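Summary of the model geometry
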Amino acid sequence: MERREVLRWLTTGGATAGPMLLSRAGPLASLWAQESPSSMRGLPSLKIKDINTILTQPNEMRLVIVKVSTTEPGLHGWGCATFTQRAYVVQTAVEKYLRPFLIGRNVDEIEDIWQSSYVSSYWRNGPSLFNAMSGVDMALWDIKAKRANMPLYQLLGGKCRFAASCYYHASGRDFSELEESVRKGMELGYRHVRVQAAVPGLASYGSASIDSSARNETENAGPTDPKAIWDSAPYVRMVPKMFEYLRSKIGDELELLHDVHERVSLNEGINLCKQLEKYRLFFLEDPFPPEENDHFRLLRQQCATPIAMGELFNSLHEHVPLISNRLIDYVRTHISQIGGLSMARKIAILCEFFGVKTAWHGPADASPVAHAAQLALELASYNFGIHEGGHFPPETREVFKGCPETRNGYLYANEAPGHGIEVDEKVAAKFPFPAGPPHFDYRWGTVRRRDGTVIRP
Ligand SMILES: [Mg+2]
């Protein structure tokens with residue numbers, strides 16, 4: 001942009017800057033401080049006064065929450081920066097790097113704060129830095145909606161549905177126990193249930209089988225812990241039998257989902273998806289790891305089982321080929337992992353143009369603040385698909401006042417301004433992270449094949 005154009009932009013209501021930009025802007029410095037009152041309809045200009053992290057573990061999950069305070073007393077926003085496997089790294093990224101960079105910035109400049117934070121490390125992308133940015137980003141959206149005195153979904157376009165359909169997690173050590181778990185979800189009103197069954201003797205993902213929960217997490221697993229062995233062949237033989245059993249017991253009405261968790265080869269994945277076509281899944285999740293994104297083109301050419309993918313994606317660049325080539329049906333991104341609501345909003349819009357729906361990643365390592373941000377986007381996105389979970393245990397509700405409510409399989413916004421959630425910092429302090437090590441869940445990086453090869457993930 002020419003200097004003359006920059007001057008025009010700045011003097012007609014464009015960006016204002018924090019101390020760092022002011023000090024570097026030279027002749028432009030005085031202009032950065034000018035802001036058109038008409039652009040804010042009489043609202044005072046507000047600055048970021050402080051940024052802090054809150055680490056809390058109310059229900060066996062390390063949560064990282066970011067609080068952005070403003071120059072208006074009592075007005076602050078909450079964001080989720082939960083990267084439970086590297087929580088202290090995110091805390092450092094927020095407090096040592098983003099905090100001093102952003103104090104003094106105008107709270108309304110969410111997009112510019114995202115973009116300038118993105119390049120502030122020079123090398124960009126990655127879960128630690130993006131989770132840190134997400135904490136700030138979600139908090140700024142919370143603040144903007146509170147200033148407007150509106151629930152956040154209003155700023156994203158307003159509701160196009162009254163609530164978000166959720167899916168329930170069912171699991172079992174055998175098919176009978178799984179059926180019991182599925183029926184529990186149905187009794188609660190869920191119309192969508194994810195089903196995971198154990199493969200006897202293996203560290204099966206998502207089921208109450210022999211897995212790391214049975215292992216002492218402080219012991220060095222090493223090749224090869226007999227309690228953490230994985231073999232994909234028995235697994236791909238089990239899954240069609242599981243769906244056959246469930247359809248015979250519960251009929252056709254219930255929507256069924258399943259998560260492969262990346263643990264099969266290309267040929268196994270294609271074979272499995274072809275065999276599952278007749279059971280009419282709502283979706284099959286993550287048949288391949290993100291390192292094998294090209295596999296999805298081959299899979300798509302051979303079967304019609306709906307595919308969900310993207311839980312481990314960081315960058316928008318990982319999404320674009322799968323979305324624009326219509327190789328997946330649901331995007332599964334963990335929204336704090338990609339930098340927060342600002343980037344999730346762009347991905348949702350991109351997906352709409354290619355017939356891909358959203359199914360944001362939302363188990364317990366997405367805090368209630370993240371669920372509320374997802375819900376706001378889901379209520380306002382035409383191409384919403386499904387919301388994961390949405391069940392908040394009592395201790396979590398004690399910390400996060402105003403969690404969205406699940407009724408009859410739907411998640412409802414609480415209609416308060418912003419995210420509608422207030423974090424009780426005193427209660428959060430009652431649930432500190434346990435003293436470590438371990439400082440993370442050793443479930444990942446310890447499951448191996450019989451020959452000792454570590455699996456993904
Ligand atoms: Mg998953």
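Residues numbered from 1 in each chain as written. Predicted model: local features only at pLDDT ≥ 70, side-chain atom pairs only at ≥ 80, totals over all residues.

Quick word on the sheet that holds strand S2 (residues 63–70)
Across a sheet, strands are paired by hydrogen bonds formed along the backbone, either parallel or antiparallel in direction. Inclusion rule: Only strands joined by at least two bridges in the DSSP assignment are considered to pair. Counting from the N terminus, the helices are the DSSP runs of H or I reaching at least four residues and the strands are the DSSP runs of E reaching at least two. The axes used here are C-alpha line fits, helices contributing only the stretch in contact, and every angle between their N-to-C directions lies in the interval 0 to 180 degrees. Note on contacts: residues are paired as contacts if their backbone-placed C-beta atoms lie within 7 Å.
In spatial order, the strands read S1-S2-S3; together these three strands make up an open sheet with antiparallel pairing. Looking along the sheet, the strands with just one partner apiece sit at the ends: strand S1 (48–56) and strand S3 (76–80). Sheet twist, expressed as the average angle between the axes of neighbouring strands with direction ignored, equals 20°. Summarising the sheet, S2 and S3 pair through five bridges and their orientation is antiparallel. From the neighbouring strand, Val68 faces S3, where its bridge partner is Gly77. Against the sheet, helix H4 (residues 87–102) engages S1 and S2, with an angle of about 175° to S1. Along the sheet, helix H6 (residues 127–148) contacts S1, S2 and S3; its crossing angle with S3, the most-contacted strand, is approximately 140°.

Re unusual backbone geometry
Here is the rule we go by: Whether a residue is buried, exposed or partly exposed follows from its count of other C-beta atoms within 10 Å of its own C-beta, namely 20 or more, 12 or fewer, or something in between, respectively; the C-beta atoms are built from the backbone.
Cis geometry marks the peptide bond from Gly436 to Pro437, where omega comes out at 5°. By the element assignment, Pro437 lies in the segment after helix H16 (425–429). Phi at Arg326 is positive, roughly 55°, even though this residue is not glycine. Note on Arg326: 11 C-beta atoms within 10 Å, which makes it exposed. Of note in this structure, Asn408 is not a glycine but carries a positive phi near 55°. Considering the arrangement of structural elements, one finds Asn408 in the loop between strand S13 (405–407) and strand S14 (410–412).

Topic: helix H12 (residues 316–324)
Filter applied, for reference: Working definition: the arc comes from the directions between the helix axis and the C-beta atoms, pointing outward to the latter.
Turning to H12, its buried residues number three or more, namely His319, Leu322 and Ile323. On an axial view of H12, the arc spanned by its buried residues comes to 95°, and they lie on one face. Its buried side turned inward, H12 meets helix H11 (295–300), strand S8 (307–309), strand S9 (330–331) and helix H13 (341–352). One or two steps after H12, the chain reaches Arg326, where phi turns positive at roughly 55°.

Focus: the packing of H4 against H6
This is how the line gets drawn: Roughly parallel here means an angle under 35 degrees, roughly antiparallel means over 145, roughly perpendicular means 65 to 115, and every remaining angle is called oblique. Handedness of a crossing is defined here by the sense of rotation of the near helix relative to the far one, left-handed for an anticlockwise turn of less than a right angle and right-handed for a clockwise turn.
In the contact formed by H4 and H6, the axes pass within 9 Å of each other and the chain directions differ by 55°. The orientation of H4 relative to H6 falls into the category oblique. Both H4 and H6 take part in a crossing whose hand is right-handed. The segment H4 lies against H6, with Val89, Val90, Ala93, Val94, Leu98 and Leu102 engaging Ser128, Leu129, Asn131, Ala132, Gly135 and Val136.

Focus on H6
Note the following rule: Expected helix span is computed as 1.5 Å times (number of residues minus one).
Between its terminal C-alpha atoms H6 stretches 31 Å, which fits the 32 Å expected from 22 residues at 1.5 Å a residue. Burial analysis of H6 places 19 of its 22 residues in the buried class, which makes it a mostly covered element. Immediately beyond the C-terminal end of H6, within one or two residues, lies Asn149, with a positive phi of roughly 60°.

Notes on the confidence of the model for the protein
Which entries qualify depends on this criterion: How sure the predictor is of each residue is captured by pLDDT, a score from 0 to 100.
Counting all residues, the mean pLDDT for the protein is 90, and 87% of those residues have values of 70 or more. This model gives residues 6–33 a pLDDT under 50, and the stretch forms 35 contacts once residues within four places in sequence are excluded.

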